[in-house]
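Commentary on secondary and tertiary structure
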Amino acid sequence: MPYTFIENSLIDEVTSLLNISEDNTIYVSKQGEDSNPGTIHQPKLTIQAGIDACTPSITQYWLVSIGAGAYPENLILKEFVCLRGAGSMLITRINPTTGDALNLPAVFTDSGATVSIEDIYLSVQEANKAALRLVSPIATEIFVFLNRIVLEATNSSYGVVLDMQQDGGAQANSTTILTDSTSTGIHTISGTWIHQSGAIEGGRAIRAGGVSSPAVLATSLIIGADHASEAILLDGSSTILLRNCICFCDTATATLARVAHAAALFFVDSGRADSVGDGLTITAGIAQLSNWDLSTNRDGLIASGISSTLFRRGSIHVRERILDTNGADTFVLLDNVQTSSEGILDADAVIARGGSLVSINNGTTIELYGGTGNTLVLKEAGSFLEMFDSSCRHATPTEDSLFIDGSGGVSFNSKSFSVQGGLFTLANPTTIAAENRGYSATGTKSSISLGDYLIGIAGSGPRAYQALLLSRLRVAFTGIPFAPVVFTVKNEDTGSSVTATIAVAPTYQEVGLSSPLAFKDAERLSVEVTTYTGGGSDWFIEVI
């Protein structure tokens, strides 16, 4: 019977590296017979027959070369056997009606084995089954290379299930995974999945979780999902790193990525993430984004539990809340990130509560374009907000740009922070520890106005301060005083004044005032050095 095999140069380098010759190649064709020897002119009919005909060893790999057509088989691959399809123009499809499409053998006995699979379309349609199941419970350092593969999963199944022993895994190049809304593209339990270029589209794109620290590393990948809960799910001790990728989630009730149970998610080296639902939900673990742009129709970042979220350079644009933190062990850092909210549903743009720590630094901007919510809110016991060289803005002058509710004992620390438009409100502020760092004056008898700098607020616009009590100062010197230094702190609007005295002391210390000094509204405070003798004359003051 005539049979022409379509040559494919993609695997030439692999076959050369693995020393696969014509004598170690079995051919399979829809026009073949399993009784044939498997030569190019007398091919086998089924792929499994071709695999079974191979007699490989750790020193001699074999290749099964498969012609175009559909093969409704459940395959079990041998150690040291590679598969190659007909090529991109002629589809080689493995499509069983039940069970997995392709499995590694139940037990790989030789560690360090390498398997290559190229130009094949694998599909599965039974619940909990996989188009490609890579499991190696005994041997270590097993690695599978995939080139130009299409994996399709429907009916609550998986494109890939990866459960490899230590140092084992798979690398996929130019590979596409297609799923319906009920299925998952990649499910890693143990081992490492590396994906360079291609796409994952359909239901949940990636699920990583297990006790053996599974990892997914992807570069230049398009990830699209319409799963009911999330596009990406991390739990256990898993890690996902996405580099130069485009991600989107098409379900309004879902979140783009969910991080839980000490997992780690990294979006690095630029990329874009869009969601018609929420952006990232971190309930435990680590999330780090660098040079990424995040856009959502709902909330951007939601952090709670024992978690750390670091976002350096990039942008967050949302319709509802930019950031919501809630938990005594929750930390979020925004560093040089441009953020904005449309204020839909009158949501606060950024809220830090429940004892969480939020640090907003290095040119970060927070803008709220509409609604009656606040731009930035700090409240509840133990919560701490740190703002350096950053700003917040509310487009509505009668609404709050910054709202601090100190009734629960919160702390606010700022430097070079500006409120642009809108109100600034301190509610129950006597419990607030507010300080400004880095303001300096020069001379043996200098006077500075604390005024707006008391809590680092610069710019114009109405403020709604309530009464505060100033009770302590922190002072630093470039030189060491030779004699006691006396400060006079004065409310320039009421005329009230108190003193603070520092004896011969180190260059940095905290000192109490002779009695608390009251101030409110926009009253001006000044500090005057009335006595100073010593080496060096530069000093700066922090108020507490």
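Everything here concerns the structure above.
Worth saying up front: this structure is predicted, and the values here are computed from it rather than measured. (Residues numbered from 1 in each chain as written. Predicted model: local features only at pLDDT ≥ 70, side-chain atom pairs only at ≥ 80, totals over all residues. Heavy atoms only, no water.)

Considering the pairing of strand β28 (residues 330–341)
- Burial analysis of β28 places 9 of its 12 residues in the buried class, the great majority of the element.
- Sheet topology places β28 next to strand β30 (residues 357–361); 5 bridges connect them, and they run parallel. Bridge pairing in β30 places Val 332 opposite Val 358. (Buried < 20%, exposed > 50% of the residue type's maximum accessible area, 1.4 Å probe, protein only. Helix = DSSP H or I, 4+ residues; strand = E, 2+ residues; numbered from the N terminus. Pairing = 2+ DSSP bridges.)

Considering the pattern of salt bridges
- Summed over the entire model, instances satisfying the criterion amount to 13 salt bridges.
- A salt bridge links Arg 319 to Glu 342; the nearest nitrogen and oxygen atoms lie 3.3 Å apart. Residue Arg 319 is located in the loop between β26 (307–318) and β27 (323–326), and its partner Glu 342 is located in the loop between β28 and β29 (350–353); the two are separated by 23 residues in the primary sequence. (Salt bridge = Lys/Arg side-chain N within 4 Å of Asp/Glu carboxyl O.)

Topic: the packing of aromatic side chains
- Evaluated as defined, the whole model comprises 3 aromatic pairs.
- Aromatic side chains Tyr 61 and Phe 80 sit 5.3 Å apart centroid to centroid with 85° between the ring planes, which places their arrangement in the edge-to-face category. On the criterion of sequence distance, the pair formed by Tyr 61 in the loop between α2 (47–53) and β2 (62–66) and Phe 80 in the loop between β4 (75–76) and β5 (81–84) is long-range, its members being 19 residues apart.
- You can call Phe 80 buried: its relative accessible area is 4%.
- Above the plane of the ring of Tyr 71 lies Lys 30, whose end atom (NZ or CZ) is 4.7 Å from the centre. (Phe/Tyr/Trp six-rings, centres within 6.5 Å; stacked < 30°, edge-to-face > 60°. Lys NZ or Arg CZ within 6 Å of the ring centre and 35° of its normal.)

Notes on the pairing of strand β11 (residues 143–147)
- Of all 5 residues in β11, 4 are buried, a share of seventy percent or more.
- Inspection of the sheet shows strand β8 (residues 114–118) paired to β11 by 5 bridges, in the parallel sense. Among the inter-strand pairings, Glu 118 is bridged to a residue of β11, identified as Asn 147.
- Of the strand pairs in this sheet, β11 and strand β14 (residues 169–179) are connected by 5 bridges, and their pairing is parallel. Note that in β14 the partner of Phe 143 across the bridge is Gly 169.

Focus: the nonpolar core
- Judged by nonpolar contacts, the single largest core of 103 residues is most densely connected at Ile 117, Trp 193, Leu 242 and Leu 280.
- Leaving out residues up to four positions away in the same chain, Ile 117 has contacts with Leu 77, Leu 83, Leu 102, Leu 132, Val 144, Phe 145, Leu 146, Asn 147 and Ile 149.
- Membership of the second largest hydrophobic core comes to 6 residues, among which are Val 498, Ala 500, Leu 513 and Leu 517. (Core = buried A, V, L, I, M, F, W, Y, C linked by side-chain atoms within 4.5 Å. Contact = heavy atoms within 4.5 Å.)

What to know about unusual backbone geometry
- For Ser 174, which is not a glycine, the phi torsion comes out positive at approximately 50°.
- Relative to the assigned elements, Ser 174 resides in strand β14.
- One non-glycine residue, Glu 380, lies in the positive phi region at around 75°.
- Along the chain, the position of Glu 380 falls in the loop between β32 (376–379) and β33 (384–388).

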